[in-house]
Amino acid sequence: MNERSLKYGCQTFTWEMLGDAWTGTADDLVQAIADAGYQGIEITDTMIGDYASRPADFAKRLDDAGLSLVSFAYGSDGGFTEPDQAEADLEACRRWAGFAAHFPGALISMGSATVMSPGDRSAKFNVAADIYNRSTELGKSLGVTVALHPSSHHNTLLFDRNDYDQIFARLDGGVGWVPDTGHILRGNQDIMDVMATYADRIRYVHLKDVDASGDWAMLCDGVCDVNAVINSALTAPNFNGWIVVEEESEEAGKDPSAAVKTNFGRMMALRSVEA
């Protein structure tokens, strides 16, 4: 894949992290992301609003704004680690894969396995892997690619390199991965090494930054080597070309629309220099 194949999307968690302070709608997110210059959007089950039951209307809204749906992301009340929640997790996959199927090329992104109760960690890895594997087969039956998005948030099961090795060793070959630079760095991992090791699983990339202490930072204000990450992704055999910028810094919390626009400008400047 070459530089001209790259496409840039924006994740809606930048607004979602505001909680009740965010009173807008999915239409507002679409407009802000389009105005910032992005080509695509990754939206979550929390932010989709009443479009959840109207995929055709959402497709028209995106088309009118000049955006593509990169991926639909969702999590689980059971953290994808509770056996008695597995069927509910599969039902959620069926629902959201059915939604994503209305958007050519869109994936579904499953959130990070999370520890929700006491118990053996190895058993939790086994449950999570089974849910991810079965969800991938379900997505495949609906024509939708499924990818895993590990995080570094509270109680994640997928934090450091050992955790990544544990889960990937249990996953079927078809299960994709969305490497997230911020979460990888917060887990004290070597981004280049983990991306090279699991290159065949990479479907698209979440790009965000942290400072040397692991606190969230605006893109290019932290320690992430953005160009190195993108160049690595370009060599991954199943990378679809989407770089999805996500922002969780305190600065973004003050004005999400301005923050994602700033990040897009920085991204374009970086890649222009690289080219």
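Residues numbered from 1 in each chain as written. Predicted model: local features only at pLDDT ≥ 70, side-chain atom pairs only at ≥ 80, totals over all residues. Heavy atoms only, no water.

Engineer: Which residues make up the layout of surface pockets, and what are the values?
Structural biologist: To find leftover empty space, a probe the size of one water molecule is rolled over the atoms. Taken as a whole, the largest pocket holds about 610 Å³ of empty space. Of all the secondary structure elements, the ones that give two or more residues to the lining of the largest pocket are helix H1 (13–16), strand S2 (40–44) and strand S3 (68–74). (1 Å grid on protein atoms, 1.4 Å probe; cavity = no way out; pocket = protein on both sides within 12 Å on 5 of 7 lines; lining within 4 Å. Points joined across faces, edges and corners; volume = space filled by probe spheres on them. Helix = DSSP H or I, 4+ residues; strand = E, 2+ residues; numbered from the N terminus.)

Engineer: I'd like a description of the environment of Gly 37, backed by residues and values.
Structural biologist: Considering the arrangement of structural elements, one finds Gly 37 in the loop between helix H2 (26–36) and S2. Given the relative accessible area of 34%, Gly 37 is considered partly exposed. Linking Gly 37 and Trp 216, residues 179 residues apart in sequence, is a C-alpha distance of 23 Å. (Buried < 20%, exposed > 50% of the residue type's maximum accessible area, 1.4 Å probe, protein only.)

Engineer: Break down the side chain of Ser 112 for me, citing the residues and quoting the values.
Structural biologist: Within the fold, Ser 112 resides in the loop between strand S4 (107–110) and helix H5 (121–141). For Ser 112, a relative accessible area of 10% gives the class buried. In this structure the side chain of Ser 112 is engaged in a polar contact, spanning 3.1 Å, whose partner is the backbone nitrogen of Ser 151. (Polar contact = N/O pair within 3.5 Å; in protein donor to acceptor, adjacent residues only side chain to side chain.)

Engineer: Outline H2, supporting the account with residue identities and numerical values.
Structural biologist: The complete set of buried residues in H2 reads Ala 26, Leu 29, Val 30, Ala 32, Ile 33, Ala 34 and Ala 36. In the stretch just after H2, Gly 37 is the one whose phi turns positive, near 110 degrees.

Engineer: Can you break down the packing of helix H4 (residues 86–100) against H5 residue by residue, with the values?
Structural biologist: A pair of packed helices is captured by two measures, namely the crossing angle of their axes and the spacing between those axes. Between H4 and H5, the shortest axis-to-axis distance is 10 Å and the interhelical angle comes to 30 degrees. In terms of orientation, H4 lies roughly parallel with respect to H5. In this structure, H4 meets H5 at a crossing whose hand is right-handed. Where H4 approaches H5, its residues Ala 86, Glu 87, Asp 89, Leu 90, Cys 93, Arg 94 and Ala 97 are matched on the opposing element by Ile 131, Arg 134, Ser 135, Leu 138 and Gly 139. Its residues placed into classes, the contact of H4 with H5 shows six nonpolar, two polar and four charged. (Axes fitted to C-alpha atoms, helices over the stretch in contact; angles between N-to-C directions. Parallel < 35°, antiparallel > 145°, perpendicular 65-115°, else oblique. Left-handed = near helix turned anticlockwise from the far one by under 90°. Contact = heavy atoms within 4.5 Å. Nonpolar A, V, L, I, M, F, W, Y, C, P; charged D, E, K, R; others polar.)

Engineer: Can you lay out the pairing of S2 for me, pointing to particular residues and giving the numbers?
Structural biologist: On any regular strand, side chains alternate: one points to one face of the sheet, the next to the other face. With five of its five residues buried, S2 lies for the most part within the structure. By the bridge criterion, five bridges tie S2 to S3 in an arrangement that is parallel. Looking across to S3, one finds that Ile 41 is bridged to Leu 69. With helix H3 (residues 55–65) bridging S2 and the parallel S3, this β-α-β connection has right-handed handedness. (Pairing = 2+ DSSP bridges. Right-handed = clockwise from strand over helix to strand, strands pointing away.)

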